[in-house]
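Residues per chain, in single letters:
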There are 2 protein chains.
Amino acid sequence: MSLRHAVLGLLADRPASGYDLMKRFETSLSHAWPATQSQVYGELGKLAKAGMLEVAAEGPRGRKEYAITDEGRAELRQWLTEAPPETVRRSDALLRVFFLDHLTPLEAVAYLTGEAERAAHRHRHLEEVNDRIEWDDDALSVNGRLAMEYGLRFTAMREEWARWAAEQISASGGR
Amino acid sequence: MSLRHAVLGLLADRPASGYDLMKRFETSLSHAWPATQSQVYGELGKLAKAGMLEVAAEGPRGRKEYAITDEGRAELRQWLTEAPPETVRRSDALLRVFFLDHLTPLEAVAYLTGEAERAAHRHRHLEEVNDRIEWDDDALSVNGRLAMEYGLRFTAMREEWARWAAEQISASGGR
DNA sequence: TTTACCATGTAAGGCGTTACATGATTTA
DNA sequence: TAAATCATGTAACGCCTTACATGGTAAA
C-alpha cells in the first residue's frame, strides 16, 4: 500500500499534476517504487476523495494540480515514523538459485556469471549518474545521496556474491 | 509469473501434494518467493490443465500427488537458462529514504538506526540457522548454501548502509 | 473422544500491468 | 500545418492477500 505514500511524499515537497508526478516516478523513484500512469491517476483520485489531497489549481488542457492537506501530511509522517517492518520481498533471482541443480554445472555457472555481469553493469551505470549529478547540500540531495549509496552498495554486493557463487559451483561441480 | 516456476522447481525434485509444497514454501522459499495456500492450489490446477503436471497418485483425505511432466521440465529449464532480466523491485525501505527530509534529523536518524537493527537481527537469525543446518555435499545443499550466503551478505550490507546513512544525517543535520 | 494435523478448495477485494481512448496546446 | 508534448482517464486481466468453508485421519 505504499503507492499512496510515494504520491504523498512527492506532493509534500510541492503541488503537482499527475503528469508531473509521472516524471518523478520515472526518474527518482523508478528503482524504489515504480508506478504506471494508470496507477498514479487512480491514486490521486482516491487520495483526494479521502481528504489527503486537494485540487489546488486547474490549468490548460484539463490540468489539475494537487496539493497535500494536513491530513495527508499526518498520514505521511505516520508511515515514515511508525516504520512497519518492510513487506516480504520476492526475488526472481534468488528463486532461481534454489533450482540451479536442475541445470548442468556449466549452465549454472553461466547463469551466475550473467548475474554478476548484470550487477556490474548496473553498478557502472549508477556511478556514471552519480558523477554527473551535482549534489547540493539541501535536504533532497542528502536523501538522493543516501539512495544512490544504497544502490552502489547493493549492486557491488550482488556482483561479488554471484562471482563467489559461480566459483562454488565450479569447485563442487568439477569433481 | 514466477510462482509457476517455483512450483515446477519444487516438483522437479520429487512428486508432492499441495500440502507438501506449502511446507516447502514456508521454509526454504519463504524469503525468495512466498506463496499462500490459495495460490499454490490454484497454480497446481492451472499447471495440470496446461499439461506441465499430472496427478501421479491419490491418497487418503483427497490427497493428490502431483508429478512434473516433460513439458513442465522443459518450461523450468527454459526459465532457468533464458534468464530474463529480473523484474523491477519495489522497496518500501528505499522509498522512505527519499522522504526522510519530511522528518526532523533526529527522527530520521532513529528510523535509520532501527533499520540497521532490523538488518542486524535478521543477520544473526540467519547465522543461527546456518550453524544449525548440517550441510551435505549434495546438490540441494550447494544451492541452499548459495542462498544462505546471499542472505548473510545482504543483511550485512544493509546494516552497514543504514549505520552509514544515519551518520550522514547526523553530520548534515547537526549543523 | 477430543485434539492435532492432513488436505483441498472458493470468494472478495486490492494492487499492478498493458492497452485503449481522447483531446488540447505548443513548437518547428 | 504537422509533430511533439501535455494531460487525463477507462477497461481487462492477472497476481496476491485474507477470509471463509469443509471434511478426513491419526494420535493422545
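Bear in mind that the values here come from a model prediction, so they are computed numbers and not experimental data. (Residues numbered from 1 in each chain as written. Chains lettered and ligands numbered in written order. Predicted model: local features only at pLDDT ≥ 70, side-chain atom pairs only at ≥ 80, totals over all residues. Heavy atoms only, no water.)

Enquirer: For this particular structure, what's the right way to read the protein's contact with DNA strand D?
Expert: The environment of DNA strand D is formed by 19 residues, the closest being Tyr19, Ser38, Tyr41 and Lys64 of chain A together with Gln39 of chain B. The sugar-phosphate backbone supplies 65% of the atoms of DNA strand D found within 4 Å of the protein. Between DNA strand D and serine 38 of chain A, the relevant distance is 2.6 Å, taken from a base oxygen to a side-chain nitrogen or oxygen of the residue. Here arginine 90 of chain A contributes a side-chain N or O atom positioned 3.1 Å from a phosphate oxygen of DNA strand D. Secondary structure elements with two or more residues in the surface near DNA strand D: α2 (18-26) and α3 (37-49) of chain A together with α3 (37-49) of chain B. Residues of the surface near DNA strand D, tallied by class, amount to five nonpolar, eight polar and six charged. (Near = heavy atom within 4 Å. Polar contact = N/O pair within 3.5 Å; in protein donor to acceptor, adjacent residues only side chain to side chain. Helix = DSSP H or I, 4+ residues; strand = E, 2+ residues; numbered from the N terminus. Nonpolar A, V, L, I, M, F, W, Y, C, P; charged D, E, K, R; others polar.)

Enquirer: Looking at this structure, I do not really get the pattern of salt bridges. What am I missing?
Expert: When charged atoms on two side chains of opposite charge get close, those side chains can pair. Under the definition given, this model contains 22 salt bridges over all chains. One salt bridge in this structure joins glutamate 107 of chain A and arginine 77 of chain B, with 2.4 Å as the shortest N-O distance. Of this pair, glutamate 107 of chain A sits in helix α6 (residues 105-132) while arginine 77 of chain B sits in helix α4 (residues 70-82), placing the two residues on different chains. Salt bridges sharing partners connect three or more residues here, namely Arg4, Glu43 and Lys46 of chain A. (Salt bridge = Lys/Arg side-chain N within 4 Å of Asp/Glu carboxyl O.)

Enquirer: Whenever I open this one, empty space enclosed by the protein confuses me. Can you help?
Expert: If a probe as big as a water molecule is rolled over the atoms, it shows which places are left empty. Taken as a whole, this structure holds two cavities of 30 Å³ or more when the rule is applied. As a volume, the largest cavity reaches approximately 50 Å³. Every residue along the wall of the largest cavity is listed here: Ser91, Ala93, Leu94, Glu115, Arg158 and Trp161 of chain A together with Tyr150 of chain B. Elements supplying a minimum of two residues to the lining of the largest cavity: α5 (92-98) and α7 (139-173) of chain A. (1 Å grid on protein atoms, 1.4 Å probe; cavity = no way out; pocket = protein on both sides within 12 Å on 5 of 7 lines; lining within 4 Å. Points joined across faces, edges and corners; volume = space filled by probe spheres on them.)

Enquirer: Just to check I follow, could you spell out the interface of chain A and chain B for this structure?
Expert: Often, the extent of an interface is quoted as the loss of accessible area upon association of its parts. On the side of chain B, 64 residues touch chain A, which itself brings 64 residues to the contact. Contact between chain A and chain B buries roughly 6,600 Å² in total, counting both sides, with carbon and sulfur atoms accounting for 65%. Our count for the contact surface shared by chain A and chain B stands at two salt bridges. Here chain A and chain B share 20 residue pairs in polar contact (both at pLDDT 80 or more) between them. Taken together, the elements giving at least two residues each to the side of chain A that touches chain B come down to α1 (3-13), α4 (70-82), α5, α6 and α7 of chain A. Tallying contributions element by element places α7 of chain A first for the side of chain A that touches chain B, with 19 residues. Counted by class, the side of chain A that touches chain B contains 34 nonpolar, twelve polar and 18 charged residues. (Contact = heavy atoms within 4.5 Å. Buried area = accessible area lost by both parts, 1.4 Å probe.)

Enquirer: Explanation requested: the environment of leucine 126 of chain A in the structure shown.
Expert: On the secondary structure map, leucine 126 of chain A appears in helix α6. Each C-alpha atom, one on leucine 126 of chain A and one on glutamate 149 of chain A, is 9.2 Å from the other, the two residues being 23 residues apart in sequence.

Enquirer: Help me understand the domain arrangement of chain A in this model?
Expert: Domain boundaries in chain A define domain 1 (3-82) and domain 2 (92-173). Placing a centre on the C-alpha atoms of domain 1 of chain A and another on those of domain 2 of chain A gives a separation of 31 Å. (Domains from an automatic or database assignment.)

Enquirer: Just checking my understanding: could you explain the protein's contact with DNA strand C for this structure?
Expert: The environment of DNA strand C is formed by 19 residues, the closest being Gln39 of chain A together with Tyr19, Ser38, Tyr41 and Lys64 of chain B. Measuring from a base oxygen of DNA strand C, one finds a side-chain N or O atom of serine 38 of chain A at 2.8 Å. For DNA strand C, a phosphate oxygen lies 2.7 Å from a polar atom in the side chain of glutamine 39 of chain A. Taken together, the elements giving at least two residues each to the surface near DNA strand C come down to α3 of chain A together with α2 (18-26) and α3 of chain B. Across the surface near DNA strand C, the residue classes tally to five nonpolar, eight polar and six charged.

Enquirer: Please explain the UniProt feature "domain: Transcription regulator PadR N-terminal" (unreviewed entry) in chain A as it appears in this structure.
Expert: Feature annotation in UniProt assigns "domain: Transcription regulator PadR N-terminal" (unreviewed entry) to the following positions: residues 7-77 of chain A. A distance of 13 Å separates the end C-alpha atoms of residues 7-77 of chain A, which is 52% helix and 15% strand. (UniProt positions renumbered as here; feature names shortened; annotations may be inferred.)

Enquirer: What am I meant to see in unusual backbone geometry here?
Expert: The phi angle of most residues is negative, glycine excepted, and most peptide bonds adopt the trans form. Even without glycine at this site, arginine 61 of chain A takes up a positive phi of about 55°. Assignment of secondary structure puts arginine 61 of chain A in the loop between β1 (53-58) and β2 (64-68).

Enquirer: Sorry, what's going on with the pairing of β2 of chain A here?
Expert: Remember that side chains alternate between the two faces of the sheet whenever the strand is regular. All names here are of chain A. With five bridges joining them, β1 and β2 adopt antiparallel strand pairing. Across the sheet, valine 55 pairs through a bridge with tyrosine 66, a residue of β2. Count of turn residues in the β1/β2 antiparallel hairpin: five residues, of which arginine 61 carries a positive phi of about 55°. (Pairing = 2+ DSSP bridges.)

Enquirer: I'm lost on the UniProt feature "domain: Transcription regulator PadR C-terminal" (unreviewed entry) in chain A in this one. Help?
Expert: Sites flagged by UniProt as "domain: Transcription regulator PadR C-terminal" (unreviewed entry) map to residues 90-169 of chain A. With 82% helix and 0% strand, residues 90-169 of chain A has end C-alpha atoms that lie 24 Å from one another.

Enquirer: I keep staring at the relation of the copies chain A and chain B and nothing clicks. Help me out?
Expert: One chain copy maps onto the other through a rotation about an axis and a shift parallel to that axis. Of the transformation placing chain A onto chain B, the axial shift is 0.0 Å and the rotation is 180°, giving an RMSD of 0.0 Å. Accordingly, the operation relating the two chain copies is best matched by a two-fold axis. The fraction of interface residues of chain A whose copies in chain B are also interface residues reaches 100%, indicating that both copies meet through the same surface. (Least-squares fit on C-alpha atoms with pLDDT ≥ 70 in both.)

Enquirer: For this particular structure, what's the right way to read the side chain of histidine 123 of chain A?
Expert: Topologically, histidine 123 of chain A is positioned in helix α6. Here histidine 123 of chain A is in contact with Leu152, Thr155 and Ala156 of chain A, once residues within four sequence places are set aside.

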